[in-house]
Amino acid sequence: MGESRGTNGTANGCHSPGSAACGSHREPAPGLDTEFLIVGCGPAGASLACFLASYGLKGIMIGSTPGTADTPRAHITNMAAMECLRDIGLQHDIDQVSSKDNCMIHTRWCHSMAGDEFARLYSWGNDPCRKGDYEMASPCKPADLPQTLLEPVLIRNAVHNGFKVRFDTTLVSFTRDHDAGTITALVRDGVSNLQYEIRTKYLFGADGARSQVVQQLDLPLDRKPGQGLAYNVLVKTDLSHIIDSRMGNLHWVIQPDREHPDFGCMCVVRMVKPWTEWMFILLPSKEGQDGPSPPRDALLQRVKDIIGDDTPAEILSVSKWYINEVVAEQYSDGNVFCLGDAVHRHPPMNGLGSNTCIQDAYNLAWKIAYVHRGLADRTLLSTYSLERQPVGKSIVSRANQAFRDHFDVWETLGMLQPDLDERKRIYCGLFEPGTKGQKRRQDLRRGIQKTVGEFHGLGVEMGQHYTGNGVYDADESSPFQLTGCAAENPVQYHEPNTYPGSRLPHVWLNKTKPTTPTSTIDIAGHGRFVLFTGIGGEPWKAAVKRVSEELGVPLQAHSIGFRQEWEDFYFEWERLRGVEESGAVLVRPDRFVAWRAGHVLQDEDACAAKLGQVLRSVLGLQQADVV
């Protein structure tokens, strides 16, 4: 039996609260009012709630699931995402529940977890040749943090700072009153099956790959053919007896000389909890892509074959997912903004999923806060899609390419052949002496090396560059160009710089009488604009105070250099700042460079005029739009 809606859009009949018996008269469920409604309680939605709450903003977050994630899903948390969480004081919470970097030291290719190994690569900054690159890029370290542990940290922080969270609550639809500037969302409570309305000023679609918000907005999607499905099998099994000599959180298990079921010809074994809980990601053969879901006993037998010894194993859960290559062509429409998997869907290669979700939220939150407080024109909000959509497009492409980069390894081992005898013949060629065997072994080495971009993708993680009205590059003498190793390999390498639109470089600073080192990353952020200058830059510091008072914009100045507020003992800021000692580098609240000046201008008035011009441009303010 269908439900009829009252004049206020809520459900009438047997689902209203407070009635004595079914069939008696019931009042429509009251609606709710909030300024911010987030649909989705995963990494994208929950981190957005945390970032908005850090500005003192409060709202409602709804999620269709009964609670936080019940399967690990995303797990690699990279330095860029860690910096976002560090900005609101969550790094210590993350450290307490994440696995340390020594658990992430290798990615392996092997015949079984307990059996013969084919090859291994250092991963996630643990290559001795790359450790310095990672340490110089950020004060944070990568962490292995399953979604089951990340989401509770985010939800707890959001709730403690003013956001209301309602699980078991599904968005049905929404309408927009453009004249009033309001959005009315119809939602359904999954426990009572009651429908009610939530009226809001801003709606955020962080509701995953089957986003109702994206669907109703009809955002255009750039879709490419998918690469099939995979099965996630969460397994409780203690592999600590074998892991000491096989340290790593990712293990590709390939058995070309054996028959395998169509539902799982290959497997990626991923650590969830060291070393007692694992995700077995089964990749079906072509024949298994369209077949029925495998029975639990067959899955358990496959898990035991992959483990390779008599270690007991228990399946905790099974799910399947599709290897997508989809990105929305725009992320927003009016006061409706979408983020996370709702607008970019891809395989988990490079560990870019939840990391990009968190960075989407971080980029969006400060802009929403500034516009909501009247510190910026709403045109600033258009820069969210302009800046983040190219990032989403690039990470979707990178993750899918990383998946395809494994094909050469599979081909060299014979796994792309459906016939067992042919697979054995190719596989045995690896053991042959002479030129033929040597070529196959070299092919294997080249195939393994081809995957390095997945496990040391520092450039794709840290090297985002923004353009558009959210930055001011009119004073630059030439267009932005990658330099150094990043110019040759932008996936693997990141070259820090202060060109407007680039991430603020991390440099360790200290005091004249040394104390605990402080990163430039920690001096910036915290919801405010920050201007860095140096010796001779006093007019900039005076200008910062004047412009901040004039515009009402949170703005601070810091001087770096010999006997300045901050000492540059390693001379790293001098190397990276890109301006003279008296110059200025202006950094946005999300720690991306907004603008820079090569040197100090003639006096305080000139510095204040220029700084005011830049801030008005970035924030979309006209001359009269001052507090």
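The rules we used
Residues numbered from 1 in each chain as written. Predicted model: local features only at pLDDT ≥ 70, side-chain atom pairs only at ≥ 80, totals over all residues. Heavy atoms only, no water. Helix = DSSP H or I, 4+ residues; strand = E, 2+ residues; numbered from the N terminus. Rg over C-alpha atoms; globule rule 2.2 N^0.38 Å. Buried < 20%, exposed > 50% of the residue type's maximum accessible area, 1.4 Å probe, protein only. Contact = heavy atoms within 4.5 Å. Areas by Shrake-Rupley, 256 points an atom, 1.4 Å probe, with all protein chains shown as cover. Lys, Arg positive; Asp, Glu negative; His and termini not counted. Charge placed at Lys NZ, Arg CZ, Asp CG, Glu CD. Polar contact = N/O pair within 3.5 Å; in protein donor to acceptor, adjacent residues only side chain to side chain. Pairing = 2+ DSSP bridges. Arc of directions from axis to C-beta. Phe/Tyr/Trp six-rings, centres within 6.5 Å; stacked < 30°, edge-to-face > 60°. Patch = residues over 30% accessible without salt bridge, like charges linked within 9 Å, V, L, I, M, F, W, Y side chains within 5 Å. Salt bridge = Lys/Arg side-chain N within 4 Å of Asp/Glu carboxyl O. Axes fitted to C-alpha atoms, helices over the stretch in contact; angles between N-to-C directions. Parallel < 35°, antiparallel > 145°, perpendicular 65-115°, else oblique. Left-handed = near helix turned anticlockwise from the far one by under 90°. Nonpolar A, V, L, I, M, F, W, Y, C, P; charged D, E, K, R; others polar. Domains from an automatic or database assignment. Buried area = accessible area lost by both parts, 1.4 Å probe.

To continue, consider the overall build of the protein chain. Scanning the protein chain from N- to C-terminus turns up 20 helices and 28 strands. Its C-alpha atoms give the protein chain a radius of gyration of 27 Å, within 12% of the compact-globule value 25 Å for 627 residues. In terms of overall dimensions, the protein chain has a C-alpha envelope of 80 × 75 × 40 Å along the principal axes. Put simply, the protein chain has 627 residues, and 56% of those count as buried. Summarising the internal contacts of the protein chain: among those between residues at least 6 apart in sequence, 72% fall at separations of at least 24. On the protein chain, roughly 26200 Å² of surface is accessible, and the fraction owed to carbon and sulfur atoms is 49%. Across the protein chain, the mean location of the 64 positive side-chain charges is 2 Å away from that of the 76 negative side-chain charges.

Quick look at the side chain of N400 now. The topology assignment puts N400 in helix α10 (residues 382-404). Polar side-chain contacts of N400 include one of 3.1 Å to the backbone oxygen of N324. In this view, N400 contacts Q227, I323, N324, E325, H346 and P347; residues no more than four positions away in its chain are not counted.

Time to look at the pairing of strand β17 (residues 277-283). Of all the 7 residues making up β17, 7 are buried; the element is thus mostly covered by neighbouring parts of the structure. Burial along β17 is two-sided: the face carrying E277, M279, I281 and L283 and the face carrying W278, F280 and L282 are both buried. Here strand β14 (residues 229-236) pairs with β17 via 6 bridges, running antiparallel. Directly across from N232, in β17, lies its bridge partner I281. Note that strand β16 (residues 266-273) and β17 share 7 bridges and pair antiparallel. Bridge pairing in β17 places M266 opposite L283. A loop of 3 residues connects β16 with β17, the two strands running antiparallel in sequence.

A word on helix α12 (residues 420-428). Within the span of α12, buried status applies to L420, R423, I426 and Y427. Down the axis of α12, the sector holding all buried residues measures 125°, keeping them to one side. Looking at the buried positions of α12, the neighbouring elements they touch are β6 (117-122), α11 (407-413) and α13 (434-450). Backbone nitrogen of D421 and a side-chain oxygen of the N-cap are separated by 3.2 Å at the start of α12; the cap is D419.

Inspection of every chain in the model, using the stated rule, returns 22 aromatic pairs. Ring geometry for W124 and F455: centres 6.0 Å apart, planes at 85°, overall edge-to-face. Highlighted residues: W124 in the loop between β6 and α4 (131-137) and F455 in helix α14 (residues 452-455), separated in sequence by 331 residues. Exposure remark for F455: the relative accessible area of 1% places this residue in the buried category. Between F337 and Y384, the aromatic rings sit 6.2 Å apart at their centres with planes inclined by 70°, giving edge-to-face as the arrangement. Taken together, the residues span a long stretch of sequence, with F337 in strand β21 (residues 336-338) and Y384 in helix α10 at a distance of 47 residues.

What follows deals with a nonpolar patch on the surface. Among the surface-exposed residues, W508, F569 and Y570 lie close enough to one another that they form a single nonpolar patch of about 350 Å² accessible area. If you trace the backbone, Y570 turns up in the loop between β26 (555-559) and α19 (572-576). Given a relative accessible area of 62%, Y570 falls into the exposed group.

Below, the discussion takes up the packing of helix α1 (residues 43-54) against helix α5 (residues 147-160). Put simply, α1 and α5 touch, their axes get as near as 8 Å, and they point 30° apart. Taken together, the axes of α1 and α5 are roughly parallel relative to one another. The chirality of how α1 crosses α5 is left-handed. Taken together, the residues of α5 that come into contact with α1 (itself represented by P43, A46, S47, A49 and C50) are Q147, L150, E151, L154, I155, N157 and A158. Its residues assigned to classes, the contact of α1 with α5 shows 8 nonpolar, 3 polar and 1 charged.

It is worth spelling out the domain arrangement of the protein chain at this point. Here the protein chain is described as being made up of domain 1 (32-99 + 142-220 + 327-399) and domain 2 (484-619). Here domain 1 and domain 2 have C-alpha centroids that lie 29 Å from each other. Every contact between the two is made by 18 residues of domain 1 and, on the other side, 20 residues of domain 2. Between domain 1 and domain 2 lies a buried interface of about 1500 Å² when both sides are counted; carbon and sulfur atoms form 48% of it. Connecting domain 1 to domain 2 are 4 salt bridges. With a shortest N-O distance of 2.8 Å, E387 and R588 are connected by a salt bridge. Taken together, domain 1 and domain 2 are joined by 9 residue pairs in polar contact (both at pLDDT 80 or more). Among the elements that take part in the side of domain 1 that touches domain 2, helix α9 (residues 353-372) stands out by supplying 6 residues, more than any other. Counted by class, the side of domain 1 that touches domain 2 contains 9 nonpolar, 2 polar and 7 charged residues.

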